[in-house]
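Chain residues, written in single-letter form:
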Amino acid sequence: MYRFLLTPRWWGINLFVVLAIPFCVFMGTWQLGRFEDRVQSHEQAEKQPDPSTRAAKPLDELLPVDKVTSGRPAVATGTYADQFLVPGRKLDDRQGFYVLNMLRTDSGKALPVVRGWLPGSATGARVPAAPEGEVTVTGDLQASENSRSDGVNARGGLPGGQVGMISAATLVNLVPYDVYDAWVTLPEAEAGGTGGAMKPVPAAAPEGSGLDLKAFQNLGYTGEWFVFAGFVLFMWFRLVRREAEALRDIALGLVPEDPAAAPEGPAAPAPAPEDPASPDRDAAGTPVR
C-alpha cells in the first residue's frame, strides 16, 4: 500500500522532509545556544565586582574594549581640543545631551571624553569650557557606539558642533587627527553652565552581557524553528495518510481508478415526436403560422 512512497513525486517530498527537519533542529539548537551564552555572560557579570571599583590602568593597557575591560577605569593624559554636543540622551528619565571633548594624547590620537550631561536642548546651549593645559583624566572605559546603541542618532543632519554617535568612525571625519576606538565617561561631576551642574554619565554594561531583548529574541527563534520542524513532520504524515486512504478506496472499488472510465448516468429520455395532426399544423404536417 505504501509503495507510492517510491514514486518520483514522493521522492521529492521525502527529500525535502529529510533535509528540512535536521536544518530546523540545527537552527533551533544554535539559537538556544546563543540564549544560553547570554545567560551565562549575565551570571558571570553579576559575580564579578563592579568594574568601576577596580584599580585604574593606563588606557593603552585596556584596549581593545571587550566585555572584561568595558567599564574599567582608564587613565589618559593630554590636552582638550574640539568639543561636541551629543543630543537626544536621557538621564534619570529626563531629556538632555552629553558634553563630549576630544583629549589629544602624546600618542597623537585623541580620546573622546564625556565630561557630563546637561538637561534641555543641545541647540544653542551654553556649556562650561573644558580645563586648559595638560590634564590627566580617569574615566570609565566604553566601547564605540553603533546604530543599535541606546539614544544614538544615525540619521545625520545635525547642526554643526553636534554628533549623534560616539564612535571613532564618526568622529574621525570631524577632526584632523586619529581617534581611539573607545571613549570614557567621567565619574565625577563638573561645574555646569546655564543648565546647572553637569551630571556624570554612568557607564553602560557591555553589549551582549545582559538578558536584554535580544536574548529573549534568541529564545523565541528557538521555539519557532522547533515548531516549524514539527509542522513539516505533521504535514508529511498527513499527506502519506491521505494518499494511502485514496489508494485503499480505489482497491475496494469505492472510487473508480480512472474517473474518465466511470459509468455514465441514465440517458435522458428522447423528446416525444410531434403529432402531425396537431392543431398547429396543417394536413401535410407543416406548422401553421
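Here the structure is a predicted model, which is why all the values come from computation and not from measurement.

(A) Seen up close, the overall build of the protein. What the protein contains, in helices and strands, is four helices and six strands. Start at the N end of the protein and walk to the C end: the helices and strands fall as α-β-α-β-β-β-β-α-β-α. At a minimum sequence separation of 6, the contacts of the protein that also span at least 24 residues come to 65%. Element-wise, carbon and sulfur atoms account for 58% of the exposed surface of the protein, whose accessible area totals about 18,200 Å².

(B) Region of interest: the pattern of salt bridges. In total, this model carries four salt bridges according to the counting rule given. Notably, a salt bridge pairs Arg241 with Glu245, separated by 3.2 Å at the nearest N-O pair. Of the two residues, Arg241 and Glu245 both sit in helix H4 (residues 213–251), four residues apart, roughly one turn of that helix. On the basis of relative accessible area, Arg241 is assigned to the exposed category, the value being 59%. Take Glu245: its relative accessible area is 32%, and that puts it in the partly exposed class.

(C) Local environment of the nonpolar core. Ranked by size, the top nonpolar core spans 18 residues in total, and within it Phe84, Tyr98, Leu100, Met102, Val114, Ile166 and Leu171 carry the most contacts. Sequence-distant contacts of Val114, defined by excluding residues within four places in its chain, comprise Tyr98, Val99, Leu100, Ile166, Trp183, Val184, Thr185, Leu186 and Val201. Membership of the second largest hydrophobic core comes to 17 residues, among which are Leu62, Leu103, Val137 and Leu186.

(D) Region of interest: the packing of aromatic side chains. Overall, the coordinates contain three aromatic pairs when judged by the stated rule. When the ring of Phe23 is compared with that of Trp225, the centres are 5.6 Å apart and the planes differ by 85°; the resulting orientation is edge-to-face. Note that Phe23 is positioned in helix H1 (residues 8–47) and Trp225 in helix H4, a separation of 202 residues in sequence. Seen in terms of ring centroids, Phe35 and Phe216 are 6.2 Å apart; in terms of plane orientation they differ by 55°. Their pairing is tilted. Here Phe35 is found in helix H1, whereas its partner Phe216 is found in helix H4, with 181 residues between them in sequence. We classify Phe35 as buried; its relative accessible area is 15%. Phe216 gets classed as partly exposed once you look at its relative accessible area, which sits at 45%.

(E) Examining the side chain of Gln142 more closely. Turning to its location among the elements, Gln142 is positioned in strand S5 (residues 134–142). Since its relative accessible area comes to 5%, Gln142 is described here as buried. Looking at Gln142, its side chain comes within polar contact range of the main-chain nitrogen of Ala204, at 2.8 Å. Apart from residues lying up to four places away in sequence, Gln142 is in contact with Val65, Ser70, Gly71, Ala182, Trp183, Thr185, Ala203 and Ala204.

The rules behind each value
- Residues numbered from 1 in each chain as written.
- Predicted model: local features only at pLDDT ≥ 70, side-chain atom pairs only at ≥ 80, totals over all residues.
- Heavy atoms only, no water.
- Helix = DSSP H or I, 4+ residues; strand = E, 2+ residues; numbered from the N terminus.
- Contact = heavy atoms within 4.5 Å.
- Areas by Shrake-Rupley, 256 points an atom, 1.4 Å probe, with all protein chains shown as cover.
- Salt bridge = Lys/Arg side-chain N within 4 Å of Asp/Glu carboxyl O.
- Buried < 20%, exposed > 50% of the residue type's maximum accessible area, 1.4 Å probe, protein only.
- Core = buried A, V, L, I, M, F, W, Y, C linked by side-chain atoms within 4.5 Å.
- Phe/Tyr/Trp six-rings, centres within 6.5 Å; stacked < 30°, edge-to-face > 60°.
- Polar contact = N/O pair within 3.5 Å; in protein donor to acceptor, adjacent residues only side chain to side chain.

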